Amino acid sequence: VAGGKYAELPLTRKNAAQLVREAMKSGISLVLDLFSREMTKADWRYIVQECAEILLYENEDHGLRHVFIEEAGEFVPQRVTYGDVFNAVEKLVRMGGNSKLGCTLIHQRPADINKSVLELCANVFLLRQTGKNTLTDLKKWLAMIADDQAKEIGDSLPNLKSGHGWLFAHTLRNVKSLDVPERT
């Protein structure tokens, strides 16, 4: 873990690229935790852009790797303000397979994520949602992709318990109920 509350290594704009390259070469997992009083959102965007580009263009020879981008709406927002970081993450999602990369976008509100990027996702995990606008948008989406189950799923969203949700996978013919066991 580099950066954040549980840092084992420091994380700065200056060392992020080196950390990612060393993790690729060593075949180890790396968490870049951007949560810090010392880091600005400009620092976040710089680090995410630089690391996404390194992974996309330098990972292929280092084997399979999966990238998780939490707070994805910061980097691929519905309304693009910072084009460089948006372009880097969008390319990572769209073309990451060329470099043996998978990508997971994590965000509380699907409406915050750019639709062209969201539609590139082969699988969607939908957990509890309570916001009026989010529920309205999701019900419209559900009607298009899961017509026969749209009402059941839409009505369940505000009341889902922690660890319960829905899986929309490109390999499945139907939407599946999802239960994630609590970690002990």
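The structure presented is a predicted model; accordingly, all values stated were derived computationally and were not measured.

Trainee: Would you mind showing me how to read a nonpolar patch on the surface here?
Mentor: Nonpolar side chains collect at one region of the surface, where V1, Y6 and V31 lie side by side and expose about 300 Å² of accessible area between them. Along the chain, V1 falls in the segment before α1 (16–26).

Trainee: What exactly am I supposed to notice about the environment of E71 here?
Mentor: As for its placement among the helices and strands, E71 is situated in the loop between β1 (65–70) and α3 (83–95). In sequence terms E71 and I113 are 42 residues apart; their C-alpha atoms lie 9.4 Å from each other. Look past the residues within four positions of E71 in its chain and what remains in contact with it is I106, H107 and Q108.

Trainee: Where do I start with the pairing of strand β4 (residues 164–169) in this structure?
Mentor: A regular strand places its side chains so that they alternate between the two faces of the sheet. Across the six residues of β4, five count as buried, placing the element largely inside the fold. In this structure, strand β3 (residues 123–126) lies alongside β4, joined through four bridges in antiparallel fashion. Note on β4: the bridge partner recorded for F125 is L167. The sheet contact formed by β4 and strand β5 (residues 176–179) spans four bridges and is antiparallel. Bridge pairing links W166 to S177 in β5. Hairpin connection from β4 to β5: six residues lie between these consecutive antiparallel strands.

Trainee: Looking at this model, I keep getting lost on the side chain of R65. Mind explaining?
Mentor: Topologically, R65 is positioned in strand β1. Look at R65: it is buried, it has no salt bridge, and the nearest opposite charge is E58 at 10 Å. Among the polar contacts listed, one links the side chain of R65 to the side chain of N59, at a separation of 2.8 Å.

Trainee: Help me understand unusual backbone geometry, please; the structure alone is not making it clear to me.
Mentor: Residues apart from glycine generally show negative phi values, whereas peptide bonds are mostly found in trans. With a phi close to 55°, E71 is a non-glycine residue in the positive phi region. For K100, which is not a glycine, the phi torsion comes out positive at approximately 65°. On the secondary structure map, K100 appears in the loop between α3 and β2 (101–106).

Trainee: What exactly am I supposed to notice about helix α2 (residues 41–58) here?
Mentor: The α-helix winds at 3.6 residues per turn, so residues separated by three or four positions along the chain end up facing the same way. The end-to-end C-alpha separation of α2 is 25 Å, in line with the 26 Å expected for 18 residues at 1.5 Å each. If you check which residues of α2 are buried, you get D43, W44, R45, I47, V48, C51, A52, I54, L55 and L56. If you follow the buried residues of α2, they end up packed against α1, β1, α3 and β2.

Trainee: Help me out: how do you make sense of the packing of α1 against α2 in this one?
Mentor: For any two helices packed against each other, the geometry comes down to the angle between their axes and how far apart the axes lie. Axis separation between α1 and α2 bottoms out at 9 Å; the angle between their running directions is 30°. Taken together, the axis directions place α1 and α2 in an arrangement best described as roughly parallel. Both α1 and α2 take part in a crossing whose hand is right-handed. Residues A16, A17, V20, R21 and M24 of α1 form the contact with α2, whose participating residues are I47, E50, C51, I54, L55 and E58.

Trainee: What is the right way to look at the pattern of salt bridges in this model?
Mentor: Opposite charge on two side chains allows them to pair when their charged atoms are near. Scanning the model with the defined rule gives seven salt bridges in all. Here E58 and R21 are joined by a salt bridge, their closest N and O atoms 2.8 Å apart. Pair noted here: E58 is in helix α2 and R21 is in helix α1, with a separation of 37 residues, a long-range link. Residue class for R21 comes out partly exposed when judged on its relative accessible area of 31%.

What counts and how
- Residues numbered from 1 in each chain as written.
- Predicted model: local features only at pLDDT ≥ 70, side-chain atom pairs only at ≥ 80, totals over all residues.
- Heavy atoms only, no water.
- Patch = residues over 30% accessible without salt bridge, like charges linked within 9 Å, V, L, I, M, F, W, Y side chains within 5 Å.
- Areas by Shrake-Rupley, 256 points an atom, 1.4 Å probe, with all protein chains shown as cover.
- Salt bridge = Lys/Arg side-chain N within 4 Å of Asp/Glu carboxyl O.
- Helix = DSSP H or I, 4+ residues; strand = E, 2+ residues; numbered from the N terminus.
- Contact = heavy atoms within 4.5 Å.
- Buried < 20%, exposed > 50% of the residue type's maximum accessible area, 1.4 Å probe, protein only.
- Pairing = 2+ DSSP bridges.
- Lys, Arg positive; Asp, Glu negative; His and termini not counted.
- Polar contact = N/O pair within 3.5 Å; in protein donor to acceptor, adjacent residues only side chain to side chain.
- Expected span 1.5 Å × (residues − 1).
- Axes fitted to C-alpha atoms, helices over the stretch in contact; angles between N-to-C directions.
- Parallel < 35°, antiparallel > 145°, perpendicular 65-115°, else oblique.
- Left-handed = near helix turned anticlockwise from the far one by under 90°.

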